[in-house]
Amino acid sequence: MRLSGGVESALHCCVVLTSTAEPVPATRLAELHGVSATYLAKQLQALSRADLVHSVQGKSGGYVLTRSPAKITVLDVVEAVDGSEPTYVCTEIRQRGPLAAPPEACTAPCAIARTMFAADRAWRAALAEVSIADLRRMVGDDYDMDVMSEVGKWLRS
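Rules behind the numbers
Residues numbered from 1 in each chain as written. Predicted model: local features only at pLDDT ≥ 70, side-chain atom pairs only at ≥ 80, totals over all residues. Heavy atoms only, no water. Helix = DSSP H or I, 4+ residues; strand = E, 2+ residues; numbered from the N terminus. Rg over C-alpha atoms; globule rule 2.2 N^0.38 Å. Buried < 20%, exposed > 50% of the residue type's maximum accessible area, 1.4 Å probe, protein only. Contact = heavy atoms within 4.5 Å. Lys, Arg positive; Asp, Glu negative; His and termini not counted. Charge placed at Lys NZ, Arg CZ, Asp CG, Glu CD. Pairing = 2+ DSSP bridges. Axes fitted to C-alpha atoms, helices over the stretch in contact; angles between N-to-C directions. Parallel < 35°, antiparallel > 145°, perpendicular 65-115°, else oblique. Left-handed = near helix turned anticlockwise from the far one by under 90°. Nonpolar A, V, L, I, M, F, W, Y, C, P; charged D, E, K, R; others polar. pLDDT = per-residue confidence, 0-100. Core = buried A, V, L, I, M, F, W, Y, C linked by side-chain atoms within 4.5 Å.

### Notes on the overall build of the protein
Tallying secondary structure elements over the protein gives 7 helices and 2 strands in all. The linear arrangement of helices and strands in the protein, starting from the amino end, is α-α-α-β-β-α-α-α-α. Radius of gyration (C-alpha) of the protein: 20 Å, far over the 15 Å computed for a compact globule of 157 residues. Considered along the principal axes of its C-alpha atoms, the protein spans approximately 70 × 30 × 25 Å. The proportion of buried residues among the 157 residues of the protein is 32%. In the protein, of all internal contacts separated by at least 6 residues, the share reaching a separation of at least 24 is 68%. With 16 positive and 18 negative side-chain charges, the protein shows a spacing of 3 Å between the two charge centroids.

Structure below.
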């Protein structure tokens, strides 16, 4: 399982957007995270298509979360950026090669597919249990200062 770098950027942006009620321009988010504005714009567009952020137009425009951070999960962000396709796709390899099993012997998923499907479900369930609000709290716990307030002040400066 490998997630794109866009997931990391999108999650950071969502957490940062909890630090201010004002819309935050994409260029400001890009500057804060040290990434190109063009790259970050793609992640913000994916979040917008998934209705996780909303783009506010105008002089004071930028991005805001569309709902409470407690109602947006890490899984929501992952699926917005990387899609919701399963992490494992069974190709029925057991039906190929010199010892191929006949289709009628393969009416249920094999042990490998069952294991991989279970892992995918567990992974998704774990990500669905953590909200952006939870991440904000955890990020704050990582520092000896109120880092989210500092981020909010920097964004408004």
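Structure shown, so let's carry the discussion forward.
### A look at the pairing of strand β1 (residues 53-56)
The pairing of β1 with strand β2 (residues 62-65) spans 4 bridges and is antiparallel. Across the sheet, H54 pairs through a bridge with V64, a residue of β2. Between β1 and β2, which pair antiparallel in sequence order, lie 5 residues; one of them, G58, sits at a positive phi of approximately 110 degrees.

### Some details on the packing of helix α1 (residues 5-17) against helix α2 (residues 26-33)
In a packed pair of helices, the relevant descriptors are the angle between the two axes and the axis-to-axis distance. Running from N to C, α1 and α2 cross one another at 110 degrees; their axes reach a closest spacing of 11 Å. When the interaxial angle is binned, α1 and α2 end up roughly perpendicular. Relative to α2, the crossing made by α1 is right-handed. Contact with α1, carried on its side by H12, C13, V16 and L17, involves L29, L32 and H33 of α2 and no other residues of that element. Across the contact of α1 with α2, the residue classes break down as 5 nonpolar, 2 polar and no charged.

### Structural notes on the confidence of the model for the protein
Confidence along the protein averages 94 in pLDDT terms, with 99% of residues attaining 70 or more. By mean pLDDT, helix α7 (residues 147-156) is the weakest element of the protein at 91, and helix α4 (residues 74-82) is the strongest at 98.

### A few points about the environment of A50
Turning to its location among the elements, A50 is positioned in the loop between α3 (37-49) and β1. Taking the C-alpha atoms as reference points, A50 and E79, 29 residues apart in sequence, are found 8.6 Å from one another.

### Some points on unusual backbone geometry
For D51, which is not a glycine, the phi torsion comes out positive at approximately 60 degrees. Structurally, the position occupied by D51 is in the loop between α3 and β1. Unusually for a residue other than glycine, E92 sits at a positive phi of about 55 degrees. Note on placement: E92 falls in the loop between α4 and α5 (111-128).

### Comments concerning the side chain of R28
Tracing the backbone shows R28 in helix α2. The class for R28 is buried, based on a relative accessible area of 17%. When near neighbours in sequence (up to four residues on either side) are disregarded, R28 contacts W154, L155 and S157.

### A closer look at the nonpolar core
Membership of the largest hydrophobic core comes to 34 residues, with the highest contact counts inside it found for L11, L17, L29, L44, L47, V77 and I132. At the level of secondary structure, the elements contributing two or more residues to this core comprise α1, α2, α3, β2, α4, α6 (132-141) and α7. Sort the elements by how many residues they give to this core and α1 lands first, with 8 residues. Aside from chain neighbours lying at most four places away, what touches V77 is A10, L11, C14, L47, L52, I72 and I132.

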